[in-house]
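# Topology and contacts: notes
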Amino acid sequence: MRSSETSRLGRSRLRNCTGVAKLIQESEAPNVDIQIFFAFDSADILPDARPSLDELGKALSDPKLQGATFLIAGHTDAKGSDDYNLALSQRRAEAVKLFLVKTYHVDDGRLSAIGFGKEQLKNKDNPFADENRRVQIVNTGAQGVAEGK
Amino acid sequence: MRFSPSTWTILAVAALAFASFGAVPAAQAQAVKNADDIISGLQPLKTRF
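Residues numbered from 1 in each chain as written. Chains lettered and ligands numbered in written order. Predicted model: local features only at pLDDT ≥ 70, side-chain atom pairs only at ≥ 80, totals over all residues.

### Here we look at unusual backbone geometry
Residue and element names in this part refer to chain A.
- With phi around 55 degrees, histidine 105 is a residue other than glycine that occupies positive phi space.
- Along the chain, histidine 105 falls in the loop between α3 (82-104) and β3 (111-115).
- Residue histidine 105 is classed as exposed on the basis of its C-beta count, with 10 C-beta atoms lying within 10 Å. (Helix = DSSP H or I, 4+ residues; strand = E, 2+ residues; numbered from the N terminus. Buried ≥ 20, exposed ≤ 12 C-beta atoms within 10 Å, placed from the backbone.)

### Quick notes on the pairing of strand β4 (residues 134-142) of chain A
All names here are of chain A.
- Buried residues dominate β4, accounting for 7 of its 9 residues.
- Taken together, the 4 bridges between strand β1 (residues 31-34) and β4 define a ladder with antiparallel strand orientation. Across the sheet, asparagine 31 pairs through a bridge with valine 138, a residue of β4.
- Here strand β2 (residues 68-75) runs beside β4; their pairing, made up of 8 bridges, is antiparallel. Note on β4: the bridge partner recorded for alanine 73 is glutamine 136. (Pairing = 2+ DSSP bridges.)

### A closer look at helix α2 (residues 35-42) of chain B
- Residues of α2 of chain B that are buried: Ile38, Ile39 and Leu42 of chain B. In a view along the axis of α2 of chain B, the buried residues occupy a sector of 100 degrees, so they form one face of it.
- Contact partners of the buried residues in α2 of chain B: β1, α2 (50-61) and β4 of chain A. (Arc of directions from axis to C-beta. Contact = placed C-beta atoms within 7 Å.)

### A word on the interface of chain B and chain A
- Every contact between the two is made by 14 residues of chain B and, on the other side, 17 residues of chain A.
- Grouping the amino acids of the side of chain B that touches chain A by side-chain chemistry returns 8 nonpolar, 5 polar and 1 charged. (Nonpolar A, V, L, I, M, F, W, Y, C, P; charged D, E, K, R; others polar.)

### Section: the environment of glycine 74 of chain A
Residues and elements named next belong to chain A.
- Checked against the element boundaries, glycine 74 lands in strand β2.
- The spatial distance from the C-alpha of glycine 74 to the C-alpha of isoleucine 137 is 9.0 Å, given a sequence separation of 63 residues.
- Contact partners of glycine 74, with chain neighbours within four places excluded, come to Ser89, Gln90, Arg92, Ala93, Gly115, Phe116 and Val135.

### Let's talk about the nonpolar core
- In terms of nonpolar packing, the biggest core is built from 29 residues, with Leu56, Ile72, Ala73, Val96, Val135 and Ile137 of chain A touching the most fellow members.
- Residue assignment for this core shows that the elements contributing at least two residues are α2, β2, α3, β3 and β4 of chain A together with α2 of chain B.
- The element that contributes the greatest number of residues to this core is α3 of chain A, accounting for 5 residues.
- If we skip the residues at most four places from it in the chain, isoleucine 72 of chain A touches Ala93, Val96, Lys97, Leu111, Ser112, Ala113, Val135 and Ile137 of chain A. (Core = buried A, V, L, I, M, F, W, Y, C linked by C-beta atoms within 7 Å.)

### Things to note about α2 of chain A
Residue and element names in this part refer to chain A.
- The terminal C-alpha atoms of α2 lie 16 Å apart, and with 12 residues this matches the ideal 16 Å at 1.5 Å per residue to within 8%.
- Looking at α2, one finds that the buried residues are Ser52, Leu53, Leu56, Gly57, Ala59 and Leu60. On an axial view of α2, the arc spanned by its buried residues comes to 165 degrees, and they lie on one face. (Expected span 1.5 Å × (residues − 1).)

### Structural notes on the packing of α2 of chain A against α3 of chain A
All names here are of chain A.
- At a minimum axis separation of 10 Å, α2 and α3 run at an interaxial angle of 65 degrees. Seen from above, α2 lies across α3 with right-handed handedness. The residues of α3 that touch α2, namely those facing Leu53, Leu56, Gly57, Leu60 and Ser61, are Val96, Phe99, Leu100, Thr103 and Tyr104.
- Grouping the constituent residues of the contact of α2 with α3 by class yields 7 nonpolar, 3 polar and no charged. (Axes fitted to C-alpha atoms, helices over the stretch in contact; angles between N-to-C directions. Left-handed = near helix turned anticlockwise from the far one by under 90°.)

### A word on the confidence of the model for chain B
- For chain B, per-residue confidence averages 72 on the pLDDT scale, and residues scoring 70 or more make up 57% of the total.
- As scored by the predictor, the complex reaches a pTM of 0.70 and an ipTM of 0.74. (pLDDT = per-residue confidence, 0-100.)

### Observations concerning the sheet that holds β4 of chain A
Residues and elements named next belong to chain A.
- If you trace the 4 strands from one edge of the open sheet to the other, you get β1-β4-β2-β3, paired in mixed fashion. The two strands at the open ends of the sheet, each matched to only one other strand, are β1 and β3. Adjacent strand axes in the sheet meet at a mean angle of 20 degrees, parallel and antiparallel pairs treated alike.

So, in structure tokens, the structure goes:
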């Protein structure tokens, strides 16, 4: 695939992600930010991330959240290009989803993973701050409702 | 050599600050949210506890 085409697809995807992010913000869907540590330029989960992921796994397995569906939104800081950060954040969101499915047996159908790149900075005053590199978990509603049941 | 009490105070505060700086590894500086906090944050607004 030509690089200009790749870039065009990246921009198109970016617009879609921004739309999803706007919808989430406008709906005020319940969400939590969790700092997950990844190896540099990688979607490999570091051992330091395990305590946070274990707590997330316990939470999503809890009966109080039974039947709810969740968006796992990956975010990066402002270093690097849009396309690079989109791809990296997508891989990281998918890595978190895979961990939750494999380790905590969270139903695959309850989780969606989307990378937002650097579009949704948590700390806009400091675009390179660590806190921007995070995974956001958003409650997107009940499973039956999401599936039109 | 003799030190005044204020010098000892400054040295003690500096030593404490230095010790606490090294006690928390950088990678663990971010507090881990516990499962109950996550559940609470993800509860639909009507049923939050």
